[in-house]
Amino acid sequence: GITDFVPIVWDPKEPDANLIEPALAQMLRTVVWTVYHELGAGFVHRVYVNATHVELRQQQISFQRYRKLKVLHRGREIGMFTFHHYVIDNRILLAPVTIAMVGVSEVRKVRALLHQYNVSLGMIVNFQNEKLEVMYVKK
């Protein structure tokens, strides 16, 4: 027979009490949870990036969307590659990803962007797995 649908339960880790921008971080957790709750896991990356865009607009949260990451070496741009991310209200960098496991590579990219935009807190949100994963990165 057909297995019953089991609703996804919101089970994010509680944000660090010392987190920079706790209210905005909580709003963003609600945004990404709404996207994940609506779509679930298993879509391609751009679907989550676009849905996050729609939800940020819906919640009237101020943001800028970027599609590329400049690669700098000794202060000089040496290349660019695709890495979708948002700067929320000039205070938090939001990086939606769809990967098996968030690793050092994503943390390094987000840290580079934090310096590039002069933002203190990054949020990596992984939509790939059966549970929504949120990781914070400090500058």
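J.: Would you mind going over the pairing of strand β4 (residues 121-126) with me for this structure?
T.: Look at any regular strand and the pattern is simple: side chains alternate between the two faces of the sheet. Judged by how many residues are buried, β4 sits mostly within the fold: 6 of 6 residues are covered. Bridging between strand β3 (residues 92-97) and β4 involves 6 bridges; their strand directions are parallel. Paired with I92 across the strands is L121, a residue of β4. In this fold, β3 hands off to helix α3 (residues 104-117), which returns the chain to β4; that crossover is right-handed. Judged from the 6 bridges that link them, β4 and strand β5 (residues 133-138) form a sheet pairing that is antiparallel. Looking at β5, one finds that I124 is bridged to M135. Where β4 hands over to β5, the hairpin turn is made up of 6 residues, counted between the paired strands.

J.: Please explain the side chain of T98 as it appears in this structure.
T.: The residue T98 is located in the loop between β3 and α3 in this model. With residues up to four places along the chain from it excluded, the contact list for T98 reads F43, H45, Y48, N126, F127 and Q128.

J.: Mind showing me how you'd approach the pairing of strand β1 (residues 63-73) here?
T.: Examined bridge by bridge, β1 and strand β2 (residues 76-88) share 10 bridges and lie antiparallel to one another. Counterpart to L72 in the pairing with β2 is E77.

J.: It is not clear to me how the environment of L93 should be interpreted in this structure. Could you clarify?
T.: Position of L93 among the secondary structure elements: in strand β3. The exposure class of L93 is buried, given its relative accessible area of 0%. It is 8.6 Å that separates the C-alpha atoms of L93 and Y117, two residues lying 24 residues apart in sequence. If sequence neighbours within four positions are ignored, L93 has contacts with H85, Y86, V87, V110, L113, L114, Y117, V119, L121, G122 and M123.

J.: Can you help me understand the packing of aromatic side chains in this one?
T.: Geometrically, a pair of aromatic rings is defined through the distance of the ring centres and the angle of the planes. Counting across every chain of the model gives 6 aromatic pairs. Between W33 and Y36 the ring centres are 6.2 Å apart and the planes differ by 40 degrees, which places this aromatic pair in the tilted class. Within this pair, W33 and its partner Y36 are both found in helix α1 (residues 22-39), separated by 3 residues, close to a single helical turn. Neither residue differs from the other here; W33 and Y36 are each classed as buried. With 4.7 Å between their ring centres and 10 degrees between their planes, Y48 and F127 make a pair best called stacked.

J.: When you look at the pattern of salt bridges in this model, what are you seeing that I'm missing?
T.: Pairing of side chains with opposite charge becomes possible as their charged atoms draw close. Applying the stated criterion across every chain, the model contains 2 salt bridges. D89 is paired through a salt bridge with R91; the nearest N and O atoms lie 2.9 Å apart. Note on D89: relative accessible area 33%, which makes it partly exposed. Three or more residues are tied together by salt bridges with common partners; here these are E21, D89 and R91.

What counts and how
Residues numbered from 1 in each chain as written. Predicted model: local features only at pLDDT ≥ 70, side-chain atom pairs only at ≥ 80, totals over all residues. Heavy atoms only, no water. Buried < 20%, exposed > 50% of the residue type's maximum accessible area, 1.4 Å probe, protein only. Helix = DSSP H or I, 4+ residues; strand = E, 2+ residues; numbered from the N terminus. Pairing = 2+ DSSP bridges. Right-handed = clockwise from strand over helix to strand, strands pointing away. Contact = heavy atoms within 4.5 Å. Phe/Tyr/Trp six-rings, centres within 6.5 Å; stacked < 30°, edge-to-face > 60°. Salt bridge = Lys/Arg side-chain N within 4 Å of Asp/Glu carboxyl O.

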